[in-house]
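Each chain, written out:
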Amino acid sequence: MKKLFTILAITGLLFLGTTQSTYAQEAQQTEEVKTFHQELKQRFIQGGPEFMGIVLIALILGLAIAIERIIYLNMASTNTDKLVANVEDALASGGIDAAKEVCRNTKGPVASIFYQGLSRSDEGIEAVEKAVVGYGGVQMGLLEKNISWLSLFIALAPMLGFMGTVIGMIKAFDDIAVSNEMSPATVAGGIQVALLTTVFGLVVAIILQIFYNYIIAKVDNIVNNMENASISLVDLLVDHKK
């Protein structure tokens, strides 16, 4: 019985020690997370509101444009192979009107291009090709909408950071001229502002560049699908005319 109580006591002490150690680790991790946010906030404030605020606005606007474009492009994505197969079946069973109905009930730029081409099918294949090319350009413009603004923010963020760097260095030399001595304390403030603005500007540019490359790749993929599907539509109409 004494051995049993001894074992239970030792087990309880070990469990209590492990629990206390776990709580201590969690408290330390929480403190580290808070310290990181506090440090980030402090560094942002130290960078100065003139340029850091503008860099933050560029990040917010750039992310808003990127998210809007990603949502739009995902909604514009269409299974072109399935659409071509449905249009082919509709042409075989119900003719041009049935194929137009399939395109009308399908979302995306490819279906819109198909509808425009089918609407001109009674004027000949050349008219269909012109309609497909013309409306394809319109859809491409819609896909690339506001992307130029995103590239502007990508270029603007590091430029603002570099401008803050130059102004910070000028401030450091002004402090040297006023105090008439060269000491770390004299130039630390200006150099700190210079480095912080550069870092935040580069971070914003890197984040937006990742979104920009993803959006461009998405647009290129949709455009390639549009071109391939347009060729398939022309081939289907040629066979249908025969």
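Everything numeric here is computed off the predicted structure, so don't read it as measured data.

Draft legend 1. Layout of the environment of S151. Its place among the elements puts S151 in helix 6 (residues 147-179). Through-space distance from the C-alpha of S151 to that of L208 is 8.2 Å; in sequence the pair is 57 residues apart. Separated by 2.6 Å, the side chain of S151 and the backbone oxygen of S148 make a polar contact.

Draft legend 2. Highlighting a negative patch on the surface. There is a patch of like negative charges on the surface, built from E88, D89, D235 and D239. Those elements that place two or more of their residues in the negative patch are helix 3 (80-104) and helix 7 (184-241). For E88, the position within the fold is in helix 3. Using a relative accessible area of 42% as the deciding quantity, one classes E88 as partly exposed.

Draft legend 3. Broad picture of the confidence of the model for the chain. On average, the chain scores 75 in pLDDT, and the residues at 70 or more come to 69%. By mean pLDDT, helix 1 (residues 2-46) is the weakest element of the chain at 47, and helix 2 (residues 49-76) is the strongest at 86. A low-confidence stretch, residues 1-33 stays under pLDDT 50, and its non-local contacts, those more than four residues away or across chains, total zero contacts.

Draft legend 4. Spotlight on unusual backbone geometry. Despite not being glycine, N146 has its phi angle at roughly 70°, a positive value. Residue placement: N146 occurs in the loop between helix 5 (125-143) and helix 6.

The rules we used
- Residue numbers here run from 1 along each chain, matching the order of that chain's written sequence.
- The predicted origin of the model limits local features to residues at a pLDDT of at least 70 and limits the giving and counting of side-chain atom pairs to 80 or more, whereas totals for whole chains, interfaces and linings rest on all residues.
- Where side-chain values are given, they derive from all heavy atoms of the structure, hydrogens and water being excluded.
- In this text, helices come from DSSP runs of H or I with a minimum length of four residues, and strands from runs of E with a minimum of two, each type numbered from the N-terminal end.
- Definition of a polar contact: a pair of N or O atoms within 3.5 Å, with one able to donate and the other able to accept a hydrogen when the atoms are protein atoms, and with sequence-neighbouring residues admitted only if both atoms are side-chain atoms.
- Patch definition: residues above 30% relative accessible area lacking any salt bridge, with like charges linked at up to 9 Å and the nonpolar side chains Val, Leu, Ile, Met, Phe, Trp and Tyr linked at up to 5 Å.
- Values of accessible area rely on a 1.4 Å probe in the Shrake-Rupley scheme; residue burial ignores everything except the protein chains shown.
- What makes a salt bridge here is a side-chain nitrogen of Lys or Arg within 4 Å of a carboxyl oxygen of Asp or Glu, nothing more.
- In this tally, Asp and Glu contribute negative charge and Lys and Arg positive charge; neither His nor the terminal groups of the chain are included.
- Taken as the charge centre is NZ of Lys, CZ of Arg, CG of Asp or CD of Glu, depending on the residue.
- Each residue's exposure class comes from its accessible area (1.4 Å probe, protein chains only) as a fraction of the maximum for that residue type: buried when under 20%, exposed when over 50%, partly exposed otherwise.
- pLDDT gives the predictor's per-residue confidence on a scale running from 0 to 100.
- Residue contacts are defined here by distance: any two heavy atoms, one from each residue, within 4.5 Å place the two residues in contact.

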